[in-house]
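Single-letter residue listing:
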Amino acid sequence: MKIAITTGEPAGIGPELSVQAVQAACVEWPDVHFTVLGDCALLAERAAAVQVDWTALQATGRVACQHEALRARSAPGQLNAANSHYVLALLDRAIDGALSGEFDALVTAPLQKRILLEADIPFTGHTEYLAQRTGAARAVMMLAGRRTFRVALATTHLPLKEVSAALNTGGLLESLRIIDMDLRRYFEIAAPRILVSGLNPHAGEGGYLGHEDIEVIAPAVSGAREAGMDARGPYPADTLFTPRMLDGADCVLAMYHDQGLPTLKYAAFGKSVNITLGLPIVRTSVDHGTALDLAGTGRADPGSLMDAIGSAIEIARRCRRPQPRNRP
Ligand SMILES: NC(=O)c1ccc[n+]([C@@H]2O[C@H](COP(=O)([O-])OP(=O)(O)OC[C@H]3O[C@@H](n4cnc5c(N)ncnc54)[C@H](O)[C@@H]3O)[C@@H](O)[C@H]2O)c1
Ligand SMILES: N[C@H](C(=O)O)[C@H](O)COP(=O)(O)O
């Protein structure tokens, strides 16, 4: 099995976490090969800063650095938009490799979205970019906490004022179908139970506090149930993430980024994995960002990247096995 790891924003914690995580992963998964994409001199420099013997790791024959030259020198914590195309090139190369079958899965370290946007690259997140570049009609971002819960998002990196207009019954139904399908494929859950959140306070309070819950979300839940999925809701988001509500649930579908993710990050920051559903390739990532304040210090926790690598390996192994028939 071969896993590609993109090291992300060179000024962030991605490069140092990548070498640390690969070092640990080589011990944990002795049958897996790792291709680490980045500027090889930068990776050697960051490896030395966190006491990883990068040369020895590569000498095992199980770790390869796939070189992409930095466009400008990079210092920890110092963003430079000149490197935006470097960051994108890492991602493009890894996606191409995953699509061609060269890599069984793709694991991404964090990048700084703003740096790509400053270079006029239309990029709001890996999730959206991966959907577009792999030709997927829709991708769903799902974060899965270690021993907690999973939360997927109906909308991703969107200004809050645009969320309502972006929600529609057909799109929600498609997101539910993707979540249902990939929970079966990726996690071998026979009949996934998906709880759907409302958008407005108290799921609209019978329509007095907003209409989307009744007019847009409820019909999507009904449609999913008619198609045989165990979708339930819409539930008021303020109490949806309580242990009693989450008991027995396989995933929550939240309506927007900061409705779903803060709950998971409160419960399991550093111990969860970002998994993109709906793609023709396996992609996982960390639950945190570039942490410029920690870059180069060796104090950043590689736990989420380790979990992302572990999840990618597990999912890729499951996807290699013959699949049960999808629902009609
Ligand atoms: N997968 C991704 O590419 C991804 C994910 C999330 C955020 N981001 C990007 O990262 C940038 C910075 O985002 P942010 O500041 O909102 O969030 P952040 O996660 O980078 O930082 C938030 C806080 O968590 C701490 N932190 C983050 N990772 C840590 C780790 N591994 N160990 C210990 N502490 C850690 C940071 O020091 C900071 O105090 C943004 O541009 C955002 O778009 C990228
Ligand atoms: N929304 C994610 C988070 O906050 O953890 C993060 O921005 C990464 O998203 P992409 O995987 O789409 O880049």
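Computed from a predicted model, the values in this text were never measured in an experiment.

1. Comments concerning the pairing of strand E2 (residues 33–38)
Across the six residues of E2, five count as buried, placing the element largely inside the fold. In the sheet, strand E1 (residues 2–6) pairs with E2 via five bridges, with the strands oriented parallel. Bridging from a neighbouring strand, lysine 2 pairs with histidine 33 of E2. In this region the chain leaves E1, passes through helix H1 (residues 14–28) and returns to the parallel neighbour E2; the handedness of that crossover is right-handed. Where E2 lies against strand E3 (residues 63–67), five bridges are found, and the strand directions are parallel. Its bridge partner lying in E3, threonine 35 is registered against alanine 64.

2. Quick notes on helix H8 (residues 169–187)
For H8, spanning 19 residues, the distance from its first C-alpha to its last is 26 Å, which sits close to the expected 27 Å at 1.5 Å a residue. Just beyond H8, the residue with positive phi is glutamate 188, at close to 55°.

3. Quick look at the packing of H8 against helix H13 (residues 303–320)
Where H8 contacts H13, the two axes come as close as 8 Å, and the packing angle between them is 95°. The angle between H8 and H13 falls in the class roughly perpendicular. Between H8, through Arg185, Tyr186 and Phe187, and H13, the contact on the second element is made entirely by Ile315, Arg318 and Cys319. Looking at side-chain class alone, the contact of H8 with H13 contains four nonpolar, no polar and two charged residues.

4. Considerations on the UniProt feature "binding site: a divalent metal cation" (unreviewed entry) in the protein
The feature "binding site: a divalent metal cation" (unreviewed entry), as annotated in UniProt, sits at His157, His202 and His257 in this numbering. Of the residues just listed, which span 101 residues, the most distant C-alpha pair is 23.7 Å apart, and they do not cluster in one region. With respect to the element layout, histidine 157 can be found in the loop between strand E6 (150–153) and helix H7 (163–166). The partly exposed category is assigned to histidine 157, whose relative accessible area is 25%. Setting aside residues no more than four positions away along its own chain, histidine 157 makes contact with Lys113, Thr124, Gly125, Glu128, Met141 and His257. Among the polar contacts listed, one links the side chain of histidine 157 to the backbone oxygen of threonine 124, at a separation of 3.1 Å. Tracing the backbone through its elements, the reader meets histidine 202 in the loop between strand E7 (193–197) and helix H9 (212–226). Residue histidine 202 is classed as partly exposed on the basis of its relative accessible area of 43%. Not counting residues up to four positions away in its chain, the partners in contact with histidine 202 are Leu209, Pro236 and Asp238.

What counts as what
- Throughout this description, residue numbers start from 1 for each chain and increase along the sequence as written.
- Think of it this way: whatever chain is written first is A, whatever ligand is written first is 1, and the rest follow in order.
- At least 70 in pLDDT is required for a residue's local features to be given in this predicted model, at least 80 for side-chain atom pairs to be given and counted, and no such filter applies to totals for whole chains, interfaces and linings, which use all residues.
- With hydrogens and water excluded, all non-hydrogen atoms of the structure serve as input to the side-chain values.
- Burial classes: relative accessible area under 20% of the type maximum marks a residue as buried, over 50% as exposed, and values in between as partly exposed (1.4 Å probe, protein chains only).
- Helical segments are the DSSP runs of H or I of at least four residues, strand segments are the runs of E of at least two, and each set is numbered from the N terminus.
- Strand pairing is defined by DSSP finding a minimum of two bridges between the two strands.
- By definition, the crossover connecting two strands over a helix is right-handed if that path, from the first strand to the second, turns clockwise as seen with the strands pointing away from the viewer.
- Expected helix span is taken as 1.5 Å per residue step, with the number of steps being one fewer than the number of residues.
- A fitted line through C-alpha atoms represents every axis, and for helices the fit uses only the stretch in contact; the resulting angles, taken between N-to-C directions, go from 0 to 180 degrees.
- Oblique is the label for any angle not covered by the other classes, which are roughly parallel (under 35 degrees), roughly antiparallel (over 145) and roughly perpendicular (65 to 115).
- In what follows, a contact means two residues having at least one pair of non-hydrogen atoms within 4.5 Å.
- In the scheme used here, Gly and all other residues not listed as nonpolar or charged are polar, with Ala, Val, Leu, Ile, Met, Phe, Trp, Tyr, Cys and Pro taken as nonpolar and Asp, Glu, Lys and Arg as charged.
- UniProt positions are given in the numbering used here, feature names are shortened, and annotations may be inferred rather than shown by experiment.
- Under the rule applied, a polar contact is a pair of N or O atoms within 3.5 Å (in protein, one hydrogen donor and one hydrogen acceptor; residues adjacent in sequence only if both atoms are side-chain atoms).

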